[in-house]
Structures are given as C-alpha cells and as structure tokens.
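Chain and residue survey
Chain residues, written in single-letter form:
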Amino acid sequence: MNVPIQTFQFPGLQTDQVLHIKREDLIHPVISGNKFWKLKYNIQKAKELGKKILVTFGGAMSNHIVACAAAANENGFQSIGIIRGEEIVDKWKDNLTLTEASAYGMEFIFVPRHEYRLKEQSSYIQNILNTIPNHYLVPEGGTNSLAVKGAAEILSEKTSSYDIITSAMGTGGTVSGLSVGALPHQQIIGFPVLKNAHFLVKELLKHTNKENFIVNLEYHFGGYAKITTELIDFINEFYYLNHIPLDPIYTGKMMFGLRDMIKKGQIHKDKKILAIHTGGLQGIKEMNKYLKKKNKPIIVT
C-alpha cells in the first residue's frame, strides 16, 4: 500500500543530510502505522482458523488496543481487551483511548498489574482465557512471527535507496520486521520507549537472523508513556516546522533521538535516512488531558 514519503527538517539542526519520513500514520484512519502491518497476517490467520473473537492485552493508553478493536470490527470479529490495572475498572469511561476502543465494540477485562506482567504465563489470566470460546489471541503490542512478516512489508522498492532506517520500539516487532525486510546495504536503528530495554536485543534475535540493526537505549525519557517538557517542546517545534504530527510515546522519542545522533556525528553525513512514522496519534488526546491536569504545555495538533 502506498503512503507518502516526505522530506523534513529538524528544529535547531542545520544539515545537508537527506532526511525523509515514511508516513505510515496515514495508512488507515484508525488502524494506523505499524499496527496495520502487525495485524494484517494475524487477522488473516484468525479468519483461516474460523475464530470469532480477537483477544489482546494493553494499557489504558494503548494504541494497540484501539487498533485491535477497529480491526476486529472491520473484519467481523468480536474483541476483548485484557487491560492492565484493576483500579480503572470504574473509571475507564473517562479514558479517551478505552472509550474509542469500546465504540468499536471491544469489551474489557481489567486485571491486577502483577498478573498482567505475566500475561499468558499467569494462571489467573489463563483461567480468563479458558472462559472465552473460539478466540484468537493477539500478543501485547501485536508482536509475533505474523506481525514481523507484516512489518517487513513497510519496506519496498521505494525505500531501497536509503542507508539508515529508524523506528521507535515497544515490543520489538516492527524493528524485527524492518530487519527482515531490509536490503544488504541498509542498517536499522531502533529507539526503545521502555526503560531498561536491554532485553529487546534478545527479542529481535528471535525473529531475525540478520545483524543489521542497533538498539539505542538513551531516549526513553523515563519509560513507557513518560514524557518531559523538553520532549513536548521538540514535538511542537517539529510540527510547526514540518506540519507533521508526532506522538509523544513512540515516534516523538525516536525523532528526538535521531536528531541527537546526527548532532553528535553518530551517523555519517553521507547516509540517506528514512524515519518510519509508526502512527499512534490517537494517544495525543489522552496525553493532553493528563498534561492539562498537571498544568503543563500540551501537544499541538
């Protein structure tokens, strides 16, 4: 599928480097960015198996939850989200992400955080799954071999001239797919949004046998869904300069990290760079709601 590849500039950075961004956020109105590709073959497999319900995991601000709900609705499935945190069971209707997922028909099961961390290895969660008939389980973040197969298709003949391809990382499925789909001369740089994400290298090696990637651990800004005023200012400056919105949880952090690497001379000036916009823009509304409560600057869209 065709999405635009646009040139961009970094605020506060003068460079002759070729900088482009692939606007995967525009691939679908709701199932956007890497979520579209991660779900592509999982949806196909669920149909082949004759499943009726998609079940997946996510937090209260999860783009994956909304994408799964919309994909299920679009493809004739029911959907259930196993949501991290029992404390929001009576408050989820105040959450913009979960209300959007609910509008696509998703039902929620809220579980304690300590059980959620174990996922399918938790007997508590396994007992829940055993009560859901004829379901297809999509992992948290959508990452499995089928997701990697889909993410590899982000790259095509149109991206063949680039030397460096960058992406944010959550569970590692997108960067794994980019590694698989990359040409021999291409290097993939992943920017984890999680704190202490050393384990992601091992996760990548489960899905790719190539050594064409590096994982830069320096730009998580405190961890998943954690942000700073510096990051918000960067996202807003980038938007004013390029008219391209960035989400604060994934692509915003990756682009901040990429600018810093160029500033520090960590990427050779002759390398052509392609950044992958992995979507997730729906999360901005909920983040801005939080920022307003804290009397902090909000993200411009």
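Below is a summary of the structure that appears in this document. Every value quoted in this text rests on a predicted model; they were computed, and no experiment measured them.

**Overview of the overall build of the protein chain**
Secondary structure assignment for the protein chain yields eleven helices and ten strands. The C-alpha radius of gyration of the protein chain comes to 19 Å, within 12% of the 19 Å expected for a compact globule of 301 residues. Dimensions of the protein chain along its principal axes, counting C-alpha atoms only, are 60 × 45 × 35 Å. Within the protein chain, the fraction of its 301 residues that count as buried is 56%. Summed over all atoms, the accessible surface of the protein chain reaches about 13,700 Å², with 49% contributed by carbon and sulfur.

**Topic: the sheet that holds strand E7 (residues 164-169)**
The strand order across the open sheet formed by six strands is E1-E2-E10-E7-E8-E9, and the pairing between neighbours is mixed. For this open sheet the edge positions go to strand E1 (5-7) and strand E9 (213-215), each flanked by a neighbour on one side alone. Averaged over all neighbouring strand pairs, the angle between strand axes comes to 25°, with direction disregarded. Direction of pairing for E1 relative to strand E2 (residues 19-23): antiparallel, over a ladder of three bridges.

**Considerations on the pattern of salt bridges**
Scanning the entire structure with this criterion turns up seven salt bridges. Linking Glu24 and Lys22 is a salt bridge whose minimum nitrogen-to-oxygen distance equals 2.4 Å. Taken individually, Glu24 and Lys22 each receive the classification buried, so the pair is uniform in this respect. The partner of Arg23 in a salt bridge is Asp25, and the shortest N-O contact between them spans 2.8 Å. Here the two residues Arg23 and Asp25 agree in accessibility, since each one is buried.

**What to know about the layout of surface pockets**
Taken as a whole, the largest pocket holds about 1,000 Å³ of empty space. Breaking the lining of the largest pocket down by element, the ones donating at least two residues are helix H1 (33-48), strand E3 (53-58), helix H2 (63-74), helix H4 (113-116), E7, helix H7 (173-181) and helix H8 (199-205). Class assignment of the residues belonging to the lining of the largest pocket gives a composition of eleven nonpolar, 17 polar and ten charged. Considering only enclosed or pocket space, the second largest pocket measures out at about 780 Å³ in volume. Contributing to the lining of the second largest pocket are 28 residues, with Ala60, Met61, Asn95, Glu286 and Tyr290 lying nearest its centre. Partitioning the lining of the second largest pocket into residue classes produces twelve nonpolar, five polar and eleven charged.

**Re a positive patch on the surface**
Side chains of Lys91, Lys293, Lys294 and Lys296 sit close together on the surface and give a patch of like positive charge. In this structure, Lys293 sits in helix H11 (residues 283-293). Lys293 sits in the exposed class, given a relative accessible area of 66%.

**What to know about the packing of helix H9 (residues 229-242) against helix H10 (residues 251-263)**
How two helices pack is summed up by the angle between their axes together with the distance between the axes. Where H9 meets H10, the closest approach of the two axes is 10 Å, and the angle between their N-to-C directions is 85°. Viewed along their axes, H9 and H10 adopt a mutual orientation that is roughly perpendicular. Residues Glu230, Leu231, Phe234, Ile235 and Phe238 of H9 form the contact with H10, whose participating residues are Gly252, Lys253, Met255, Phe256 and Arg259. Here the residues of the contact of H9 with H10 are counted per class, giving six nonpolar, one polar and three charged.

Criteria and cut-off values
- Residues numbered from 1 in each chain as written.
- Predicted model: local features only at pLDDT ≥ 70, side-chain atom pairs only at ≥ 80, totals over all residues.
- Heavy atoms only, no water.
- Helix = DSSP H or I, 4+ residues; strand = E, 2+ residues; numbered from the N terminus.
- Rg over C-alpha atoms; globule rule 2.2 N^0.38 Å.
- Buried < 20%, exposed > 50% of the residue type's maximum accessible area, 1.4 Å probe, protein only.
- Areas by Shrake-Rupley, 256 points an atom, 1.4 Å probe, with all protein chains shown as cover.
- Pairing = 2+ DSSP bridges.
- Axes fitted to C-alpha atoms, helices over the stretch in contact; angles between N-to-C directions.
- Salt bridge = Lys/Arg side-chain N within 4 Å of Asp/Glu carboxyl O.
- 1 Å grid on protein atoms, 1.4 Å probe; cavity = no way out; pocket = protein on both sides within 12 Å on 5 of 7 lines; lining within 4 Å.
- Points joined across faces, edges and corners; volume = space filled by probe spheres on them.
- Nonpolar A, V, L, I, M, F, W, Y, C, P; charged D, E, K, R; others polar.
- Patch = residues over 30% accessible without salt bridge, like charges linked within 9 Å, V, L, I, M, F, W, Y side chains within 5 Å.
- Lys, Arg positive; Asp, Glu negative; His and termini not counted.
- Charge placed at Lys NZ, Arg CZ, Asp CG, Glu CD.
- Parallel < 35°, antiparallel > 145°, perpendicular 65-115°, else oblique.
- Contact = heavy atoms within 4.5 Å.

So far we have only geometry, and geometry alone does not tell us how the molecule works.
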